[in-house]
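# Tertiary structure, described
Listed here are the chains, written in short residue letters.
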Amino acid sequence: MTATILTCIDGSVYSASVADHAAWAARRLGASVQLLKVLGRRDASSADRSGRIVAGARRQLLEQLATLDAERAKLLREEARLELEEVAAHLARAGVEDVTTLLRHGDLLETMQVIEETADLTVIGKRGEAADFAKLHLGSNLERILRAAQRPVLVASRAFKPITRCVVAFDGGTTVQRAIDTMSRSPLFRDLPVLLVMAAEETAERRRKIEAAAAQLAAGGLSVDSRIVAGPPDSVIPEALTPEGGDILMMGAYGHSRLRTLVIGSTTAEMIRAARVPILVYR
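Summary of the structure given here. This is a predicted model, so every value here is computed, not measured.

### What about the side chain of serine 12?
- For serine 12, the position within the fold is in the loop between strand S1 (4-8) and helix H1 (15-29).
- By relative accessible area, which is 9% here, serine 12 ends up buried.
- A distance of 2.8 Å separates a polar atom in the side chain of serine 12 from a polar atom in the side chain of aspartate 10.

### Quick word on the pairing of strand S10 (residues 279-282)
- Burial of S10 is two-sided: the residues Ile279 and Val281 facing one way and the residues Leu280 and Tyr282 facing the other way are all buried.
- Both strand S5 (residues 153-156) and S10 contribute to a ladder of 3 bridges, which runs antiparallel. Across the sheet, the residue bridging to valine 153 is valine 281, located in S10.
- Bridge analysis of strand S9 (residues 247-252) against S10 gives 4 bridges, and the strand direction is parallel. Note that in S10 the partner of methionine 251 across the bridge is valine 281.

### Focus on the environment of leucine 35
- Relative to the helices and strands, leucine 35 is located in strand S2 (residues 32-39).
- Its relative accessible area of 0% is what places leucine 35 among the buried residues.
- Through-space distance from the C-alpha of leucine 35 to that of leucine 103 is 8.4 Å; in sequence the pair is 68 residues apart.
- In this structure, leucine 35 is in contact with Thr7, Ile9, Leu84, Val87, Ala88, Leu91, Val99, Thr100, Thr101 and Leu102, ignoring residues within four places of it in sequence.

### Some remarks on the pattern of salt bridges
- Summed over all chains, the structure comprises 9 salt bridges.
- One salt bridge in this structure joins glutamate 83 and lysine 37, with 2.9 Å as the shortest N-O distance. Here lysine 37 lies in strand S2 and glutamate 83 lies in helix H3 (residues 58-93), a separation of 46 residues in the sequence.
- Classification of glutamate 83 as buried rests on a relative accessible area of 15%.
- Looking at lysine 37, the relative accessible area reads 8%, which means it is buried.
- A salt bridge links glutamate 211 to arginine 207; its shortest N-O distance comes to 4.0 Å. Pair noted here: glutamate 211 and arginine 207 are both in helix H7 (residues 204-219), with a separation of 4 residues, about one helical turn.
- Salt bridges sharing partners connect three or more residues here, namely Glu78, Arg81 and Glu85.

### Side note on the packing of helix H6 (residues 174-185) against H7
- Contact geometry of H6 with H7 gives a least axis separation of 8 Å together with a crossing angle of 20 degrees. As summarised for this structure, H6 and H7 are arranged roughly parallel, according to the angle between their axes. The element H6 and its partner H7 pack so that their crossing is right-handed. Note on element contacts: H7 touches H6 through Ala213, Gln216 and Leu217, opposite Ile180, Asp181, Met183 and Ser184.
- Taken together, the residues of the contact of H6 with H7 sort by class into 4 nonpolar, 2 polar and 1 charged.

### Observations concerning the packing of H1 against H3
- Two elements in contact, H1 and H3, have axes whose closest approach is 10 Å; the angle formed by their N-to-C orientations is 40 degrees. Considering the angle they form, H1 stands oblique to H3. Between H1 and H3 lies a crossing of right-handed hand. Between H1 and H3, the residues in contact are Ser15, Ala16, Ala19, Asp20 and Ala23 and Glu83, Val87, His90 and Leu91, respectively.
- Grouping the amino acids of the contact of H1 with H3 by side-chain chemistry returns 5 nonpolar, 2 polar and 2 charged.

Conventions used here
- Residues numbered from 1 in each chain as written.
- Predicted model: local features only at pLDDT ≥ 70, side-chain atom pairs only at ≥ 80, totals over all residues.
- Heavy atoms only, no water.
- Helix = DSSP H or I, 4+ residues; strand = E, 2+ residues; numbered from the N terminus.
- Buried < 20%, exposed > 50% of the residue type's maximum accessible area, 1.4 Å probe, protein only.
- Polar contact = N/O pair within 3.5 Å; in protein donor to acceptor, adjacent residues only side chain to side chain.
- Pairing = 2+ DSSP bridges.
- Contact = heavy atoms within 4.5 Å.
- Salt bridge = Lys/Arg side-chain N within 4 Å of Asp/Glu carboxyl O.
- Axes fitted to C-alpha atoms, helices over the stretch in contact; angles between N-to-C directions.
- Parallel < 35°, antiparallel > 145°, perpendicular 65-115°, else oblique.
- Left-handed = near helix turned anticlockwise from the far one by under 90°.
- Nonpolar A, V, L, I, M, F, W, Y, C, P; charged D, E, K, R; others polar.

Right, here's the structure in full:
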């Protein structure tokens, strides 16, 4: 059965990079790509201004506003359709031929939760159209998606660079262990050297866990190195990344408290904010 990659575009400067990362994953997985563009509710119509219009002119002005709203919604749909076609052509030039486009209205997360059920991987940009230059802002849609996602999410960096190595933020937990199991069998990581990094004081138990994970990846045919480094993850992990790029960072969605449905975990959020490489997040 062919894998499917759900790819979300939003008209931001990340859209080209999102397409390039989706193409990279699709080529390695032999997957099809579903391009999704969601027009939010606030994009579809203007605010209700009726309370600010004097009674005598209300009907005429409301009719004019309704006409303007309909025209605006039509233009937004056409713009979205053209954007989807442009990105689909970009993917075709990158060697991905099996591409479908989806234009929906409503809430992005609600739409994705339905479509995600048939996808194997979701690709999305770090920041959305309204937050391109807010370096410390992840984008509300991304945070919501990472909280709710049931599939792995690939968070694209601002510019795509050929991926030559995978760095795994290894904490020994259940989530990253599941990710290791997937990595050992997935063609997504084939021929990529893997570096497992644990940010912690070394103990015999931690050494046992990281060596077991390394052995599982090696059994899957991957070239693996591992290290345990004392220090906070948001300092240790970035130092393991190649300064000039070329890495992909794989990590679990940290945060296992009773508040985990409200936050994605401070470590995960800080890492995504700081990293200049694509990040593959497992739940």
